[in-house]
Amino acid sequence: MKIKNKNLVSLVALAFLAACECGPKEDVTTSEEQNIVDNDLSTDAKDFIANAGDRVFYDFDKSNISKESEATLLRQSEWLKAHEKRNVLIEGHCDERGTREYNLALGERRADAAAKFLADHGVSPNRIRTVSYGKDRPIAATGTQQEIHRLNRVAISVIE
Amino acid sequence: MFNFIKKICVCFSVICFSTYSDSGKVVVNINEGVMKPVNIALNIYDGTQSLKDIVLKVIQKDLEGSFLFRTIPNAAFMQNLKGVDETPSFALWRAIKTQYLMNAEMHLKGESLQVNMVLYDILSQSKISEYSLSGSVKEWRKMAHMMANKVYERIIGEKGYFDTRILYVATQQFPRGVKKYRLAVMDQDGANHKYLTNGNTMVLTPRMSPNGKEFCFFAYREKKVNGRRIPLDACIYRYDFATSRTQLVARFKGMTYAPRYSPDGSYLIFSLSKGGQSSIYRFDLLTKQITRLTKGNCIDTSPCYSPDGKYIVFNSDRGGTQQLYIMNADGTNIRRLSFGKGRYATPVWSPRGDWIAFTRFGREGFFIGVIHPDGTGERMLASGYLVEAPTWSPGGRELMFAHQDYNRKDKIFRVDITGYNKHEVNTPLNAIDPEWSANLGWH
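Quick notes on the rules
Residues numbered from 1 in each chain as written. Chains lettered and ligands numbered in written order. Predicted model: local features only at pLDDT ≥ 70, side-chain atom pairs only at ≥ 80, totals over all residues. Heavy atoms only, no water. Helix = DSSP H or I, 4+ residues; strand = E, 2+ residues; numbered from the N terminus. Buried < 20%, exposed > 50% of the residue type's maximum accessible area, 1.4 Å probe, protein only. Contact = heavy atoms within 4.5 Å. Salt bridge = Lys/Arg side-chain N within 4 Å of Asp/Glu carboxyl O. Phe/Tyr/Trp six-rings, centres within 6.5 Å; stacked < 30°, edge-to-face > 60°. Lys NZ or Arg CZ within 6 Å of the ring centre and 35° of its normal. Pairing = 2+ DSSP bridges. Axes fitted to C-alpha atoms, helices over the stretch in contact; angles between N-to-C directions.

Looking only at helices and strands, one finds four helices and seven strands in chain A. Reading the secondary structure of chain A in the N-to-C direction produces β-β-β-α-β-α-β-α-β-α-β. A buried classification covers 49% of the 160 residues belonging to chain A. For chain A, contacts bridging at least 24 residues in sequence account for 76% of all contacts bridging at least 6.

Turning our eyes to something else, we now look at the environment of B:Gln60. As for its placement among the helices and strands, B:Gln60 is situated in helix α2 (residues 52-65). When near neighbours in sequence (up to four residues on either side) are disregarded, B:Gln60 contacts B:Leu42, B:Gly65 and B:Thr71.

Taken as a whole, this structure holds 32 salt bridges over all chains when the rule is applied. Salt-bridge contacts for A:Asp61 lead to B:Arg343; the nearest nitrogen and oxygen are separated by 2.4 Å. One end of the pair, A:Asp61, is in the loop between β4 (55-57) and α2 (67-82); the other, B:Arg343, is in strand β23 (residues 343-349), on a second chain. Here B:Arg343 falls in the buried class, since its relative accessible area comes to 16%. A salt bridge links B:Arg408 to A:Glu96, with the shortest nitrogen-to-oxygen separation between them at 2.8 Å. Note that B:Arg408 is positioned in the loop between β28 (398-404) and β29 (410-416) and A:Glu96 in the loop between β5 (88-93) and α3 (100-120), a pairing that runs across two chains. When its relative accessible area of 21% is taken as the criterion, B:Arg408 is described as partly exposed. Exposure remark for A:Glu96: the relative accessible area of 11% places this residue in the buried category. What emerges from the salt-bridge pattern is a single network uniting A:Arg100, A:Lys135, A:Asp136, B:Glu388 and B:Asp433.

Residue and element names in this part refer to chain B. Applying the stated criterion across every chain, the model contains 25 aromatic pairs over all chains. Summarising the aromatic geometry, the rings of Phe270 and Phe283 are spaced 6.4 Å apart at their centres and angled 40 degrees between planes, so their arrangement reads as tilted. Of this pair, Phe270 sits in strand β16 (residues 267-274) while Phe283 is found in strand β17 (residues 277-284), placing the two residues 13 residues apart along the sequence. Of the residues examined, Phe283 reaches a relative accessible area of 0% and is grouped as buried. Pairing Tyr385 with Tyr406 gives two aromatic rings, centres 4.6 Å apart and planes at 45 degrees, and the pair type is tilted. Remark: Tyr406 occurs in the loop between β28 and β29 and Tyr385 occurs in the loop between β26 (379-384) and β27 (386-392); sequence separation between them is 21 residues. For Tyr406, a relative accessible area of 65% translates into the label exposed. Members of the aromatic cluster, connected to one another through ring pairs, are Phe69, Tyr152, Tyr161, Phe162 and Trp436. Above the ring of Phe241, the side-chain terminus of Arg165 is found at 4.3 Å from the ring centroid.

This part covers the sheet that holds strand β6 (residues 112-121) of chain B. All names here are of chain B. Reading across from one edge, β4-β3-β5-β6-β7 is the order of the five strands in this open sheet, with mixed pairing throughout. For this open sheet the edge positions go to β4 (69-71) and β7 (126-136), each flanked by a neighbour on one side alone. Averaged over all pairs of adjacent strands, the angle between strand axes in this sheet comes to 25 degrees, irrespective of strand direction. As defined by bridge partners, strand β5 (residues 100-109) adjoins β6 across ten bridges and the pair is classed as antiparallel. Bridge pairing links Lys109 to Ser112 in β6. Sheet strands in contact with α2 are β3 (38-46), β4 and β5, and its direction is about 160 degrees off that of β3.

With that settled, consider the sheet that holds strand β31 (residues 430-436) of chain B. Residue and element names in this part refer to chain B. Spatially, the four strands line up as an open sheet ordered β10-β9-β8-β31, and their pairing is antiparallel. Each edge of the open sheet is held by one strand with a lone partner, namely β10 (194-195) and β31. Sheet topology places strand β8 (residues 165-173) next to strand β9 (residues 179-187); nine bridges connect them, and they run antiparallel. Paired with Gln172 across the two strands is Lys180, which belongs to β9.

And the structure:
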């Protein structure tokens, strides 16, 4: 599922028009659970985790890529170049010791930093999608300093 | 007596309401350390006896919940008033330390309920207010809130805020790290609790429209592939109470979140994040035109209009760390508001325009505080393991905020503008992101 380019806004000076083709019919509040199963994707997704790694960590309130993260991202870019058909999702996350809305922005900034790194290393930006969950999708944690650090992360996964 | 609140705010630590004045309203004394509630007797004569008790309970909970009133138990009453035409024997009410008496009668005719109410100042032996209301018996609860509003308004000198609703996000933790988020709404006193969404979609930050007829919120649209959730997009939706329908506001490249209505309800302002930048935009709900208000390689978020619509306060890291800034509503003249210790976030302008509530956090922990728009008068109202996201009662007398304890239990708390009376708001599940509606009003 690529981001719909036709829904992009056309920027005119500071103002641009909204894409309203989507109309009022979409209702997220009663959405049904549908589960698409794709076994090949599952195999590739596991291979990506095993051979490239799926987590990149950040310091508190930071979004710059550390040396350790660089190694992971380089492996990921190599894997993606070898699997041209696969696309990835980069999820930005933050620890819980912050405010919700700011952390949504910070998660986006982290996801974007990882996406730019992959793009700079030869992965087409069309194959990369980003999203931020801020502090609202923490991995199970008990709140020790070390674990809080591990919440400041992006999770990169093969999704299609 | 309209400056009642002002006096309280200035002298929040040393307040006592005491006795009465000739006008029948409360006089604030600034020489004692405790806030002393007003003693009020609530009497309702109900020919059919069917509604009296539940109506009384609602009014009592409203008034006592404000911590400005103490109700005298009915068992202590020395006079049995049977209707509003009967004049009270003031000595008998004074004997049980009554300062004010609400004397009401209710008549039920078929589906129609008529309420008449008279308010007495016992010490000055005078009638200070009269009020009548009629409606469908199904609206008995709303009528009770309107009666409590009237009492509050006449005695405190400010509009009552008991006929209001609270929107929030109910959260529930399931095994294997799955957390469900559902939009929920309830009356200010916890009654009429209702979930608006089924929990399949992650929803955050509901914000009420000024007229209370709809709200907007942030949600992720997702699909499930191989059992895991894949986001399709993350943007802002509107929910209409009358039709229970949700509609997308607009989809943009990037993520839109942190929405709020303009005071006249014609615009939304929100953050749009893309390429590592988060800026504030204004969206015209009628023309669908979008205008960028801030720019730069920084995070600008949590925008909120001043009640006159002339300014916007927001949260930005443009100076290095999260601080509060104010700009003109067109995005010009950005100036920094907060200079204290730590980080500042989630600014919300008070309905009267005199305060901006915020979250402050750092080494000392998390606080909910207030500051004047000119940068003076900063003080903290509440603290906790993690507190954030304040929301004002209409009139600005109280705030609600999200409170997380060490065990990651999320609940909504309520606190008075003076910093007194911090207490938990009951919700069936865990609760985050509270949003207090404006007064809904009678029809």
